[in-house]
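Read off the chains here:
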Amino acid sequence: MFVILKNLKLIIAPIGTLCFALTAFGQGSVDENGVYRPTEQEIANNKRLLELWKHPTFVTLRLISARRVTTEEPSTTPAPYNSDERMVFQLFITQNSTETLPITSSAGSLYRGYRPNLLLDGDEVRFSSEAQRNIEEAARGRTSGSVSSRFVEPGQERSLGQFSLDDWYDWPLKPGHYQLTFKRRFAFDGDWVESNPVTFDVVPRKPPTPVPAGFSLQLVIERPKEQVKGQPYHLGYDDGLAVDLVNDSDQRVPVSVVDKYYGHRPQLTKDGSVIPYSDEVTKLIESKEKDTRLVEVVNPFFLDPKTTQRLDGFSLKQWYGPLAPGIYHLTYRRRFEIGGQWTSDSPELVFELSH
């Protein structure tokens, strides 16, 4: 193994190792082509570290769930996941050698250097065909792309990153009881280190609760300007609009979706024509409708009967491209759960747009 420095960037010669760019403080020389030439002492130290990482008996890996709702801390026994929910886990490393050691990751190291092992009711879950193909391609290739290095001190835990199961398995996962471990190796032909297990259940998503009769929305201008009687409101492109949620029913309404581009839908018209959303917003809406794992959710809370609540607001600028001055008509609707029923449209807000 040798490390070269070209254009002042550390890169690893392609010899099949995953783990590190060494000789960060070397005493070698740079030739006329900008290539770093390590000393014999540096080469020997690199070889020593490579052998050390091939048999990392001094390494411990800790696996926990990633935070997904505001009220649940990361855990080895997270609350049940809905079958179509995105499932993300965090992996940490502690090394207990007698020295500070470098660890390097490259753009191509995910499928070469990591392996999840997922059991469903005791039976191993196969990787998706795409993940299996990525694993095979990584095994045939060499470490390439950008390389980032960091040093891990003895006895101090450091994060190795977050990992989503949909990178490895067909989706959605079947309902059942699961156990997950992650393995990591730090050299191409080195030994694997396995984490602790994380256990969790996957359950079918419950049918959403219908929006009761008597529930309505009301658009409100957050900072209204003076209005001439009989004339439309005046509103700026980036002025704030609020929405009052009016629950005149005798039922509590559950709310779990807080995602602006999944749970909210303004509709803006001018001269009888609907104004389209901006290209960016259109893409966000399409991606979340196609894959609800991208939808931002929280633990359900409830809108109590006979109450009015204001949860959030928006501006036209967040949804639309530049708008010409003129008279506009705006309505708004919401849904509160994934796959849930839309509320009825709010009454029209008629306003004159000024810049």
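Predicted model only: the values in this text are computed from it and were never measured. (Residues numbered from 1 in each chain as written. Predicted model: local features only at pLDDT ≥ 70, side-chain atom pairs only at ≥ 80, totals over all residues. Heavy atoms only, no water.)

Asker: Where do I start with the overall build of the protein in this structure?
Answerer: When you go through the protein residue by residue, the secondary structure sums to five helices and 25 strands. Looking at the 355 residues of the protein, the share that counts as buried comes to 44%. In the protein, 76% of the contacts between residues at least 6 apart in sequence involve partners at least 24 apart. Counting only carbon and sulfur atoms, one obtains 49% of the accessible surface of the protein, whose full area is about 18,900 Å². (Helix = DSSP H or I, 4+ residues; strand = E, 2+ residues; numbered from the N terminus. Buried < 20%, exposed > 50% of the residue type's maximum accessible area, 1.4 Å probe, protein only. Contact = heavy atoms within 4.5 Å. Areas by Shrake-Rupley, 256 points an atom, 1.4 Å probe, with all protein chains shown as cover.)

Asker: Looking at this model, I keep getting lost on the packing of aromatic side chains. Mind explaining?
Answerer: By convention here, two paired aromatic rings are described through the distance between centres and the angle between planes. For the structure shown, the criterion picks out 17 aromatic pairs. Taken together, a centroid distance of 5.2 Å and an interplanar angle of 50° make the contact between tyrosine 277 and tryptophan 319 tilted. Linking tyrosine 277 in the loop between β21 (273-274) and α5 (279-290) with tryptophan 319 in the loop between β23 (307-314) and β24 (326-334), this pair joins segments that are 42 residues apart in sequence. A relative accessible area of 22% means that tyrosine 277 is categorised as partly exposed. Classification of tryptophan 319 as buried rests on a relative accessible area of 1%. Members of the aromatic cluster, joined through ring pairs, are Tyr81, Phe89, Tyr178 and Phe200. Sitting over the face of the ring of tryptophan 192, lysine 183 holds its NZ or CZ atom 5.4 Å from the ring centroid. (Phe/Tyr/Trp six-rings, centres within 6.5 Å; stacked < 30°, edge-to-face > 60°. Lys NZ or Arg CZ within 6 Å of the ring centre and 35° of its normal.)

Asker: Sorry if this is basic, but what is going on with the sheet that holds strand β16 (residues 215-221) here?
Answerer: Think of a sheet as strands paired side by side through backbone hydrogen bonds, with each pair either parallel or antiparallel. Spatial ordering of the open sheet is given by β16-β18-β23, a layout of three strands whose pairing is antiparallel. Taken across any chain shown, the strands that pair with only one partner, and hence form the sheet edges, are β16 and β23. Each strand of the sheet is rotated relative to its neighbour by a mean of 25°, with strand direction disregarded. In terms of strand pairing, β16 meets strand β18 (residues 241-247) through seven bridges, oriented antiparallel. Bridged to serine 216 within β18 is valine 246. (Pairing = 2+ DSSP bridges. Axes fitted to C-alpha atoms, helices over the stretch in contact; angles between N-to-C directions.)

Asker: What is the right way to read the pairing of strand β20 (residues 264-270) from this model?
Answerer: Two faces, one strand: in a regular strand the side chains alternate between the faces of the sheet. Most of β20 sits out of view: five of its seven residues are buried. In the sheet, β20 pairs with β24 via six bridges, with the strands oriented antiparallel. By the bridge assignment for β24, glutamine 267 is matched with threonine 331. Across two bridges, the pairing between β20 and β21 is antiparallel.

Asker: What's the story with the confidence of the model for the protein in this structure? I'm lost.
Answerer: Should pLDDT be low for a region, the predicted coordinates there are not to be read in detail. Of all residues in the protein, 86% have pLDDT values of 70 or greater, and the mean over the chain is 85. In this model, residues 1-25 is a region of pLDDT below 50 whose contacts with residues beyond four sequence positions or in other chains number 72 contacts. (pLDDT = per-residue confidence, 0-100.)

Asker: Is there a simple way to think about the nonpolar core in this case?
Answerer: Within soluble globular proteins, side chains that are nonpolar generally end up buried alongside one another. Judged by nonpolar contacts, the single largest core of 37 residues is most densely connected at Met87, Phe89, Leu118, Leu165, Leu173 and Phe200. For leucine 118, the contacting residues outside a window of four places in its chain are Asp123, Glu124, Val125, Leu165, Tyr169, Leu173, Tyr178, Gln179, Leu180 and Phe200. Among the nonpolar cores identified, the runner-up in size contains 29 residues, and Val211, Tyr261, Leu316 and Leu353 belong to it. (Core = buried A, V, L, I, M, F, W, Y, C linked by side-chain atoms within 4.5 Å.)

Asker: How should I be thinking about the sheet that holds β21 in this particular structure?
Answerer: The mixed open sheet is built from five strands, whose spatial order is β17-β25-β24-β20-β21. The sheet is open, and its two borders are formed by β17 (233-236) and β21, each paired with just one other strand.

Asker: Any chance you could explain helix α1 (residues 40-54) here in plain terms?
Answerer: Every α-helix winds through 3.6 residues per turn, so residues three or four apart in the chain are directed the same way. Helix length check: α1 (15 residues) gives 21 Å between terminal C-alpha atoms against 21 Å at 1.5 Å per residue, within 8%. Listed in full, the buried residues belonging to α1 are Glu42, Asn46, Leu49, Leu50, Trp53 and Lys54. The arc enclosing the buried residues of α1, seen along the axis, measures out at 140°, which places them on a common side. Exposed side of α1, more than 90 degrees from the buried face: Glu40 and Gln41 are the residues found there. (Expected span 1.5 Å × (residues − 1). Arc of directions from axis to C-beta.)

Asker: Even after reading the chapter, I still don't get the pairing of strand β9 (residues 114-120), so can you show me in this structure?
Answerer: The buried count for β9 comes to five of seven residues, which makes it a mostly enclosed element. Note: β9 against strand β13 (residues 176-184), seven bridges, orientation antiparallel. Residue pairing in the sheet places asparagine 117 in a bridge with threonine 181 of β13. Inspection of the sheet shows β9 paired to strand β10 (residues 123-124) by two bridges, in the antiparallel sense. What sits directly across from leucine 119, in β10, is glutamate 124. Hairpin connection of β9 to β10: two residues between the antiparallel strands, including aspartate 121 at a positive phi of 50°.

Asker: What am I meant to see in the pattern of salt bridges here?
Answerer: With the rule as written, the count across this model stands at 17 salt bridges. With a closest N to O distance of 2.9 Å, arginine 48 and glutamate 99 form a salt bridge. Within this pair, whereas arginine 48 is found in helix α1, its partner glutamate 99 is found in the loop between β7 (88-95) and β8 (101-106), the two being separated by 51 residues in sequence. The partly exposed category is assigned to arginine 48, whose relative accessible area is 37%. Owing to a relative accessible area of 26%, glutamate 99 belongs among the partly exposed residues under this scheme. For aspartate 189, the salt bridge goes to lysine 54, with nearest N and O atoms at 3.6 Å. Remark: lysine 54 occurs in helix α1 and aspartate 189 occurs in the loop between β13 and β14 (193-194); sequence separation between them is 135 residues. The class for aspartate 189 is exposed, based on a relative accessible area of 54%. Classification of lysine 54 by relative accessible area gives buried; the value is 17%. (Salt bridge = Lys/Arg side-chain N within 4 Å of Asp/Glu carboxyl O.)

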